[in-house]
Amino acid sequence: MALDSKIPKGSIDKKWSQYKSEIKLVNPANKRHINVIVVGTGLAGGAAAASLGEMGYNVKAFCFQDSPRRAHSIAAQGGINAAKNYQNDGDSVYRLFYDTIKGGDYRAREANVHRLAEVSRNIIDQCVAQGVPFAREYGGYLDNRSFGGVQVKRTFYAKGQTGQQLLLGAYSALSRQIAAKTVTMYNRHEMLDVVIVDGKARGIIARNLITGEIERHSAHAVVLATGGYGNVFFLSTNAMGSNVSAAWKAHRKGAYFANPCYTQIHPTCLPRSGDHQSKLTLMSESLRNDGRIWVPKKKEDAEAIQQGKKNANDIPEEDRDFYLERRYPAFGNLVPRDVASRAAKERCDAGYGVNQTGEAVYLDFGYAIKRMGKDAIEAKYGNLFQMYEKIADENPYELPMKIYPAVHYTMGGVWVDYDLMTTVPGLYCAGEANFSDHGANRLGASALMQGLADGYFVLPYTIGNYLADEIRTGTIPTDSPEFDKAEAEVKGTIDKLMNNNGTKPVDYFHKLLGSEMWEKCGMARNAEGLKSAIEEIQKIRKDFWANVKIPGSANAMNPELEKALRVADFLELGELMCRDALMREESCGGHFREEHQTEEGEALRHDDKFAFVGAWEFKGTDSEPTLHKEELVYENVEMKQRSYK
Amino acid sequence: MASLKESLTSSVGRKYVMGLTGLFLIVFLLVHLSGNFTLLLKDGTAFNTYAHFMKENLLIKLSEVILFGGFLLHIIQGLMLTAKNKAARAVNYQVAHKHDKVDWTSKAMSALGMILLIFLIIHLYDFFRFKYFVADPQMTADGTMIDLHGIVRHEFSEGGLEGIFHLAVYTLGMAAVSFHLWHGFQSTFQSLGLRHPKYTPFIQGLGKLYAVVVPAAFVAIPYIIKFTAEAH
Amino acid sequence: MDINVTLKVWRQNGPNDKGDFKEYQINKVSTDSSFLEMMDMLNNQLIENGEDPIAFDHDCREGICGMCSMYINGRPHGPGDGITTCQLHMRSFKDGDTIYIEPWRATAFPIIKDLMVDRTAFDKIMQAGGFVSVNTGSAQDANNIPVRKEDADEAFKAAACIGCGACVAACKNASAMLFTSAKVSQLALLPQGQTEATERALNMVAEMDAQGFGACTNTGACMAECPKEISLEHIARLNREYMAASLTSRD
């Protein structure tokens, strides 16, 4: 099937308004008779479910957590971008559009990104009207900060809890619709398959996580807003429950999966302290503004530190290697996320890591404290320092912080057209789960923007264009052979897992997969590593199905079974990520191929060959997927190679 | 939307009633105490006149009804809240909650209230014994004055077990009042929504002072009587 | 450093099961690991021994989602102030310690399994009025209404609530007043919340009562245990809002 992105004609700044005035509408009396399923209740899903409910559709919303308020959007710290130009510093829709395209290393679709920049302004209005307590100036007007190295102050924030406040705003809108009975909420439910009838998405199979019951739910359209897949690495900043299953089931049923290899790795996370570690915690990138990053120059010093015989303060100034300042004199400690991350891993792989696992570098505030005083540092970073001390049990005012990169966000996802519809008619995908707006790398404070843009301002319009043709369909029965088959498949998988009689818990396999992915499909990748990873992952997958052990019963609350079903999908996704990374013989954004770098070790894009979206078609668990290319055309932005020297 | 009845029987509404009646009773305690001070005078005229006034004055009779109502409301609402609150946790923790910042008196309000109720019954029994069983607190049938002042003073200062019993009951009762007020004073303000970072610390301080000084003054009176009576 | 601890964990199969403590020994726990990572270790140990692992809620493991909910040694979220269970580290315990773990206990939070409880009662309270009725797309420009910074900051402090239920778990009356008041207070402080202030206060309190939570007796246990340190000031504000609403509503 050829990919049709359905980008409207016309100049870039007119496309969206033109589109909105031309699409088909569903009249209010008909909306009541149309059912929409929304899976996931984070920023994208929560906003979409609430908005669709307000419009009068019959919505069923699903989340695996105990409440829609807990989706992992809640953990986003920094802020949300919007082209409001409240600071009078020359910001505009075009500049936000341009920065996003450039930040995505010219691998995003122009039309989508421009639309995102346009609606960014409405998001702020909407959230303020909902009572989201954004930071304000003394005059009572909204405050902004500059984020992610852009030249304007366009980031709105609520302390370090912007994601929480925005999600609670969407959750409150959703709660209002639940009370109004336009939305029925299914908490503690996990979608295990999408049901396709006559080529259209017509419902889902879900498991009630409390009773274990397998349920059928039908609808005229299904929206997946199920977040990213960073947990394929086992350790990431994602929540423990974040998973790819909904997106992956859709992929197995015909939705193409685009650019799976684009992974954002964040340089300033707390390092792993040992094998017990279950997840990683992010600290704001702003720390790099005043902290200096270093490791010891001498290997024996590093080893002494790893064994706990020395600490940072024992290393004299001349024996410290400020490797970012050394390699990138112009930008120093403020090089982009991927450059900083790779440089840290390079030093640690060479044996210069500074904690017991050998996977940490110093982020030293000693110099800044000398220069500005402890009070100034405390005023600026007090809460981050507190958080660090709580977790690491070291006082960062006295000893340098230890940091290490961690997987944070996945730019890839289910391929969607301009309408956010996947290659399966009637199946939509929004938020981090789709691939659409960030290209190969995401700008800081853009994830929240995209989730809410999709959920509040894009999907509720575009889905109407499809549903307008469904007003005569009537209720979709759930006793069709297609539902029977989908349910039987789900039950078959569960039975297989429950009766496996293996010996090893799910985490064992997840950790194996994670370390394989981290080593070979992480910050830096090469053909040899990726090929071996594909083989290894296939082996782990076989081993998993032969030896995993699930205790308890499938007909009751069973967290191990939930984990197993998710890891089973990660074991397939991981392979696809490696295949995608292997196919993409260039370095761009969150994808760095060691074979493709400049003499200075910078990412080297090959725009002539790889200016396309790589969308993969599923051909069977153990068969090679087929690649489809959506060529990227840049009519409004000139492609440039970046340099941080 | 809620009717006034619904509002007053909601958990927040019941707390207003608790707070308002609580505040009323706090004020009453002061009035009560000022009357009690006349017991300290060796000459019983003031106390006896005061008692007579309390018996005869119409306005006082009216306030007595209000006071009685206030007590009743406070007690009934207290009991109902306690029942609701117990039902809200049908199965208790095996390890009881403990935190330095949580004062034990605040958790013991209903228990302290029960102690106070028992004290109140004894206290009222004594009160009515003289008020109604004796036709007139100042006049007996044969026209001689009953010296209520003398009787009360005697109750506390008599020797033997009975005197000690009276003192002990009274002391324990006042201790319960003190602990009840220790939390209750500032809690009435919180229940009525009267909280402000500028004034609340003062109210809390005043409440603790009140909780110590007022019951202490109540308790001091019988002890002073006892020891001054023994002295001569 | 590694320590050995004895755990007494509440095991209960469902809401109607009686439940009891079961004792587990777990050795070589790194003091750097979090409390939940210790629970992961224990669960993997149980699975390998063919026993049923302990069910508990958790998700973000960075103290913001509000899912984790363990009552440890007589305190919601365990020893230490201003943290959730997932932010508790094993360095808070000593070698040889016995640790008691119970679920949140409240009639309104029925136990699903072991340490996992059903907190949909909180969602129901929110559905009763914890929102501003503004449809998508109908908002005016965000800077049209200035909001006093002090009010915005107070509203933010109230909005920091993560809905974990530690307030209910700590309260001797299993009252949800801190939770409910945080939302009422947040919206009462902002001009956007004014239009529906009366209905909001009345309806949210009515729903809170209907869900079977107890009443507030101002012990302050909720504030002491709240991982986000939400103040009793919000409860006082709810009391004020409720009084004004009761007196002025037309029916």
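Residues numbered from 1 in each chain as written. Chains lettered and ligands numbered in written order. Predicted model: local features only at pLDDT ≥ 70, side-chain atom pairs only at ≥ 80, totals over all residues.

Engineer: Could you clarify how one ought to interpret the overall build of chain C in this entry?
Structural biologist: For chain C, the count of helices and strands is 8 helices and 7 strands. Relative to its full complement of 251 residues, chain C shows a buried share of 65%. The long-range share in chain C, meaning contacts at least 24 apart out of those at least 6 apart in sequence, stands at 71%. (Helix = DSSP H or I, 4+ residues; strand = E, 2+ residues; numbered from the N terminus. Buried ≥ 20, exposed ≤ 12 C-beta atoms within 10 Å, placed from the backbone. Contact = placed C-beta atoms within 7 Å.)

Engineer: Can you help me understand the sheet that holds strand β2 (residues 20-30) of chain C in this one?
Structural biologist: By way of backbone hydrogen bonds, the strands of a sheet pair with one another, either parallel or antiparallel. Residue and element names in this part refer to chain C. Ordered by their spatial adjacency, 5 strands build an open sheet running β2-β1-β5-β3-β4, and the pairing between neighbours is mixed. The open sheet has two edge strands with one neighbour each: β2 and β4 (75-76). Those strands touched by helix α1 (residues 35-48) are β1 (2-11) and β2, and its axis lies near 110 degrees from that of β2. (Pairing = 2+ DSSP bridges. Axes fitted to C-alpha atoms, helices over the stretch in contact; angles between N-to-C directions.)

Engineer: Explanation requested: the environment of Thr 228 of chain B in the structure shown.
Structural biologist: Inspection of the secondary structure puts Thr 228 of chain B in helix α9 (residues 200-231). Spatially, the C-alpha atoms of Thr 228 of chain B and Leu 40 of chain B are 9.7 Å apart, while their sequence positions differ by 188 residues.

Engineer: Help me understand the packing of helix α2 (residues 11-36) of chain B against helix α4 (residues 58-87) of chain B in this model?
Structural biologist: Packed helix pairs are characterised by how far apart their axes lie and by the angle those axes make with each other. Residue and element names in this part refer to chain B. Axis separation between α2 and α4 bottoms out at 9 Å; the angle between their running directions is 140 degrees. Taken together, the axes of α2 and α4 are oblique relative to one another. In this structure, the crossing between α2 and α4 has a hand that is left-handed. Contact residues: α2 offers Arg 14, Val 17, Met 18, Thr 21, Gly 22, Phe 24, Leu 25 and Phe 28, while α4 offers Leu 67, Gly 70, Leu 73, His 74, Gln 77, Gly 78, Met 80 and Leu 81. Its residues placed into classes, the contact of α2 with α4 shows 9 nonpolar, 6 polar and 1 charged. (Parallel < 35°, antiparallel > 145°, perpendicular 65-115°, else oblique. Left-handed = near helix turned anticlockwise from the far one by under 90°. Nonpolar A, V, L, I, M, F, W, Y, C, P; charged D, E, K, R; others polar.)

Engineer: Help me understand the interface of chain C and chain B in this model?
Structural biologist: As a measure of interface size, the accessible area lost when the parts come together is often cited. Tallying the contact residues gives 43 residues for chain C and 39 residues for chain B. Top element by residues in the side of chain C that touches chain B is helix α8 (residues 233-248) of chain C. It accounts for 8 residues. Among the residues making up the side of chain C that touches chain B, the classes are represented as 19 nonpolar, 14 polar and 10 charged.

Engineer: Quick question: what am I supposed to make of the arrangement of the chains here?
Structural biologist: With 2 pairs of chains in contact overall, the greatest share of contacts is found between chains A and C. Kept free of each other, chain A and chain B leave a smallest C-alpha distance of 15 Å between them.

Engineer: So what exactly am I meant to see when it comes to the environment of Glu 595 of chain A here?
Structural biologist: Residues and elements named next belong to chain A. Within the secondary structure, Glu 595 sits in the loop between α17 (559-583) and α18 (607-610). With 12 C-beta atoms counted inside 10 Å, the residue Glu 595 sits in the exposed group. Along the sequence, Glu 595 and Ala 527 sit 68 residues apart, while their C-alpha atoms lie 8.1 Å from each other. With residues up to four places along the chain from it excluded, the contact list for Glu 595 reads Asn 526 and Ala 527.

Engineer: Looking at this model, I keep getting lost on helix α8 (residues 160-191) of chain B. Mind explaining?
Structural biologist: Every α-helical turn comprises 3.6 residues, leaving residues that sit three or four positions apart pointing alike. Residue and element names in this part refer to chain B. For α8, with 32 residues, the first-to-last C-alpha span of 45 Å sits near the 46 Å given by 1.5 Å per residue. Residue Leu 181 marks the point of greatest curvature in α8, where the axis turns by about 40 degrees. Where α8 terminates, the next one or two residues include Gly 193, which has phi positive at roughly 80 degrees. (Expected span 1.5 Å × (residues − 1). Bend = angle between axes of the 7 residues up to and from the residue.)

Engineer: When you look at unusual backbone geometry in this model, what are you seeing that I'm missing?
Structural biologist: All names here are of chain A. We note that Phe 234 has phi near 60 degrees; this positive angle belongs to a residue other than glycine. The backbone of Ala 445 shows a phi angle near 65 degrees, a positive value even though the residue is not glycine. Locating Ala 445 in the fold gives a position in the loop between β17 (427-429) and α13 (447-467).

Engineer: Teacher, can you tell me more about the packing of helix α15 (residues 506-520) of chain A against α17 of chain A here?
Structural biologist: Residue and element names in this part refer to chain A. It is at 10 Å that the axes of α15 and α17 come closest, and there the two elements cross at 25 degrees. Classified by the angle between their axes, α15 and α17 sit roughly parallel to one another. The way α15 lies across α17 gives a crossing that is left-handed. Listed contacts from α17 to Val 506, Phe 509, His 510, Leu 513 and Met 517 of α15 are Glu 560, Lys 563, Ala 564, Val 567, Phe 570, Leu 571 and Gly 574. A class-by-class count of the residues in the contact of α15 with α17 yields 8 nonpolar, 2 polar and 2 charged.

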